Amino acid sequence: AADQGLNQTAVSRIWRAFGLKPHVVDSWKLSKDPDFVDKVRDIVGLYLSPPENALVLAVEEKSQVQALDRTAPILPMMPTTPVRATHDYVRHGTTTVFAAMDILTGSVIARNYRRHRSQEFLRFLKEVEKVTPKDLDLHLVLDNFPREREVPPATHKTPAVKAWLLKHPRIVLHFTPTSASWLNLVERWFAELTRRKLQRSTHRSVIELER
């Protein structure tokens, strides 16, 4: 305002007129996956035209879900006053949610595990295989397949998982491109889980959180 010889009100009016918000910073990221186009076409094709006699399941895990308890009770919403909660909290442990969402019906197979390793991922795969119709193929959309040099190896590329998949050929894996987890529809379910259940809740134990 001083530089242009204007007052503060004029600057604020210009910002509003052009939708300018100097206090807001958004981040963005481009995928550098060399197979980006092919992977997008593969996954979008599954969503728009699922194979016959098959289920398409969007699979992902939400790790480090914390059981948090506020240091004082949350104060309820009142006229002109929003819900109020203390800034600080007490941690009571974490859990991991593994989920597989049927992209046609929206139904979700979800399990809680205390740790996030290949053993838990394999247990979840076995559970999905167990509760789905045996006469259907399973096409699983998963987060990007990591590089071969990754140490330790990703949960879905360990020898135990690979060996189990070879014995269950009805399961076909499809990987999202690097930095493109937004292609996995189950991420929307996790977003709703966070918004509706986790952001405004308090839990005094992991068991309570998982329940």
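In case you missed it, the structure is sitting above this.
The notes below deal with the structure included here.

Cut-off values and rules
All chains use their own residue numbering, which begins from 1 and follows the written sequence. Given that the model is predicted, a residue must reach a pLDDT of at least 70 before its local features are reported, and side-chain atom pairs must reach 80 or more before they are shown or counted; all residues, however, enter totals for whole chains, interfaces and linings. In computing side-chain values, all of the structure's heavy atoms are included and hydrogens and water are not. One requirement defines pairing of two strands: DSSP has to find at least two bridges between them. Here a helix means four or more residues in a row that DSSP labels H or I, a strand means two or more in a row labelled E, and each is numbered from the N terminus. In this description, a line fitted to the C-alpha atoms serves as the axis of each element, helices being fitted only across the stretch in contact, and the angle between N-to-C directions of two axes falls anywhere from 0 to 180 degrees. Residues count as neighbours in contact if any of their non-hydrogen atoms are within 4.5 Å of one another. Just to be clear on terms, a salt bridge is a Lys or Arg side-chain nitrogen sitting within 4 Å of an Asp or Glu carboxyl oxygen. We call a residue buried when its accessible area falls under 20% of the maximum for its residue type, exposed when it is over 50%, and partly exposed in between, using a 1.4 Å probe and counting protein chains only. Only the six-membered ring of Trp is used, alongside the rings of Phe and Tyr, when aromatic pairs are assigned; centres must lie within 6.5 Å, and planes under 30 degrees apart are stacked while those over 60 apart are edge-to-face, with the rest tilted. What makes a patch is a set of residues exposed beyond 30% relative accessible area and free of salt bridges, joined within 9 Å when like-charged and within 5 Å when nonpolar (Val, Leu, Ile, Met, Phe, Trp, Tyr). Areas reported here follow the Shrake-Rupley algorithm with a probe of radius 1.4 Å; residue values treat only the protein chains shown as occluding.

1. With respect to the sheet that holds strand β2 (residues 89–102)
Strand order across the open sheet formed by 5 strands is β3-β2-β1-β4-β5, with mixed pairing between neighbours. The sheet is open, and its two edges are formed by β3 (108–113) and β5 (171–175), each paired on a single side. Going from strand to strand, the sheet's axes swing by 25° on average, the running direction of each strand aside. Strand contacts of helix α5 (residues 186–198): β1 (54–70), β2 and β3, with the helix running at about 25° to β1, the strand carrying the most contacts.

2. Notes on the environment of F190
Following the sequence through the fold, F190 ends up in helix α5. F190 sits 99 residues away from R91 along the chain, and the two C-alpha atoms are 21 Å apart. Once residues within four sequence positions are removed from consideration, F190 is found in contact with E60, E61, K62, V97 and A99.

3. Describing the pattern of salt bridges
The tally for this structure, following the rule as stated, stands at 9 salt bridges. Measuring nitrogen to oxygen at the nearest pair gives 2.8 Å for the salt bridge that ties D33 to K39. Just as D33 is buried, K39 falls in that class too. Notably, a salt bridge pairs R114 with E210, separated by 2.9 Å at the nearest N-O pair. Here R114 is found in the loop between β3 and α3 (118–131), whereas its partner E210 is found in helix α6 (residues 206–210), with 96 residues between them in sequence. With a relative accessible area of 47%, R114 lands in the partly exposed category. For E210, a relative accessible area of 23% translates into the label partly exposed. Shared partners join several salt bridges into a network, and the residues in it are R188, E192, R195 and R196.

4. Some remarks on the packing of aromatic side chains
Within the structure shown, the criterion is met by 4 aromatic pairs. Seen from their ring centres, F98 and F124 are 5.7 Å apart, and the 35° between their planes marks the pair as tilted. Highlighted residues: F98 in strand β2 and F124 in helix α3, separated in sequence by 26 residues. Exposure class is identical for F98 and F124. Each is buried. Clustering of aromatic rings is evident, with ring pairs tying together F98, Y113, F121 and F124.

5. What to know about a nonpolar patch on the surface
Together, L6, I14, W15, F18 and L20 make up an exposed nonpolar region whose accessible area comes to about 510 Å². Relative to the assigned elements, F18 resides in the loop between α1 (8–17) and α2 (36–48). Assessed through its relative accessible area of 64%, F18 is described here as exposed.

6. Considering the environment of V56
Counting through the fold element by element, V56 comes out in strand β1. Overall, the relative accessible area of 3% leaves V56 in the buried class. Residues V56 and F121, spaced 65 residues apart in sequence, show a C-alpha to C-alpha distance of 18 Å. Leaving out residues up to four positions away in the same chain, V56 has contacts with L46, P50, P51, M101, D102, I103, H139 and V141.

7. Overview of unusual backbone geometry
Although it is not a glycine, Q64 adopts a positive phi angle of roughly 55°. Within the secondary structure, Q64 is located in strand β1.

8. Quick look at the pairing of β1
Where β1 meets strand β4 (residues 137–142), 5 bridges bridge the pair, whose relative direction is parallel. Residue pairing for β4: V56 is matched across the bridge by H139. With 11 bridges joining them, β1 and β2 adopt antiparallel strand pairing. For K62, the partnering residue across the bridge sits in β2 and is V97.

Geometric values such as these leave the question of function open.
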